[in-house]
Amino acid sequence: MISSPDNRYLKELRKLGRQAGRTRAGRFAAEGEDLLAAAAAAGWEPVVRLCPAGLAPAGDAGWLEVAPRLLDAVSTLGSGTRAIAVYEQRWAPRPTGPVCVYLHGVGDPGNVGTIIRAAHAFGAASVALGPGCADPYGPKAVRASMGAVFSVAVARVDGPAELPGELVGLDAGAGEPLAGPFAPELTLLVGAERDGLGPEARDACHRLAAIPQAAGHSLNAAMAATIGLYEIARRHPPAPAAVDPAAGPGPPRGRAGR
């Protein structure tokens, strides 16, 4: 059992809580049974898995047990955690279609994670992160993705020139209401709430589209992306997601209410 705060795995987890530490290591942490189960279902092998002492599943030697107070100390969840795993980051070499989502200046990690979750739900093949975007492998983004970060290809790009297919920009102040027909391959461009896409990204779009609203000026970036992806999926049906019956064993159980 790990009983010292100076253990190397606990030291690494503290570093991975900061973006600089994640960038240097090329790794990230995921917390909670649901996220670890999503990673296993998507075929991700953890570098290490940690759980509170006494809660490792019987017969599974792949868990490191940690004194509960020490595991709580490295957790980013307010109520502590029953499972933490470390994974190597995966970056796609380029964004791909048939449907891609491009984020421009979306600096809130919760929005980035939620958009990745929506991309997974509506069958987008990839999410491309442009300048000024939050780290998709940060704790808040990983939690907001609800495990979708393990199933959707994530790429970094310098701008719209690297995006596939027809470029459809969401812009609350310009364009016709978002509707089809859509090209066989397309990218939905989403900007930050306050600044939107900006002139360079808007100029690169083949067309600008708006989401009709009864009131207000704009939607939260994650809400706008979700509505846009739904509208595209209605006319551009995604292939059904494959279910892997051979997914690995589940995470530890216990410590209810923690």
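Since this is a predicted model, take the numbers as computed values, not measurements.

Trainee: Which parts of the structure should I look at to understand unusual backbone geometry?
Mentor: Peptide bonds are trans in most cases, and residues, glycine excluded, mostly fall at negative phi. Of the consecutive residues Gly97 and Pro98, the connecting peptide bond is found in the cis state with omega at 20°. With respect to the helices and strands, Pro98 occurs in the loop between β4 (84–88) and β5 (99–104).

Trainee: Looking at this structure, how should I read the sheet that holds strand β2 (residues 48–52)?
Mentor: Across a sheet, paired strands are connected by hydrogen bonds in the backbone, their directions being either parallel or antiparallel. Strand order in the open sheet formed by 4 strands is β1-β4-β2-β3, with mixed pairing between adjacent strands. Each edge of the open sheet carries a strand with a single partner, namely β1 (27–31) and β3 (63–66). The sheet shows a mean angle of 25° between the axes of neighbouring strands, direction not considered. The pairing of β1 with β4 spans 5 bridges and is antiparallel. Paired with Glu31 across the strands is Ile84, a residue of β4. Across the face of the sheet, helix α1 (residues 8–16) comes into contact with β1, β2, β3 and β4 while running at roughly 95° to β1.

Trainee: Whenever I open this one, the nonpolar core confuses me. Can you help?
Mentor: Within the largest apolar cluster, 47 residues are counted, with the highest numbers of intra-cluster contacts made by Tyr87, Val101 and Leu103. Every residue in contact with Leu103, bar those within four places of it in the chain, is listed here: Val112, Ile115, Val127, Ala128, Leu129, Gly130, Cys133 and Val190. Core analysis: the next-biggest nonpolar cluster, separate from the first, contains 14 residues, Leu10, Leu50, Ala67 and Ile84 among them.

Trainee: Just to check I follow, could you spell out the sheet that holds β5 for this structure?
Mentor: Reading across from one edge, β7-β6-β5-β10-β8-β11-β9 is the order of the 7 strands in this open sheet, with parallel pairing throughout. Lying at the two open borders of the sheet, with one neighbouring strand each, are β7 (153–156) and β9 (176–177). Pairing of β9 with strand β11 (residues 207–210), which is carried by 2 bridges, proceeds in the parallel orientation. If you follow Glu176 over to β11, its bridge partner there is Ala209. Where helix α5 (residues 109–121) meets the sheet, its contacts fall on β5, β6 (126–129) and β7, and the angle it forms with β5 comes to roughly 170°. Contacting β5, β8 (166–170) and β10 (186–191), helix α8 (residues 221–235) crosses the sheet at an angle of about 160° to β10.

About the thresholds
- Residues numbered from 1 in each chain as written.
- Predicted model: local features only at pLDDT ≥ 70, side-chain atom pairs only at ≥ 80, totals over all residues.
- Heavy atoms only, no water.
- Helix = DSSP H or I, 4+ residues; strand = E, 2+ residues; numbered from the N terminus.
- Pairing = 2+ DSSP bridges.
- Axes fitted to C-alpha atoms, helices over the stretch in contact; angles between N-to-C directions.
- Contact = heavy atoms within 4.5 Å.
- Core = buried A, V, L, I, M, F, W, Y, C linked by side-chain atoms within 4.5 Å.
- Buried < 20%, exposed > 50% of the residue type's maximum accessible area, 1.4 Å probe, protein only.

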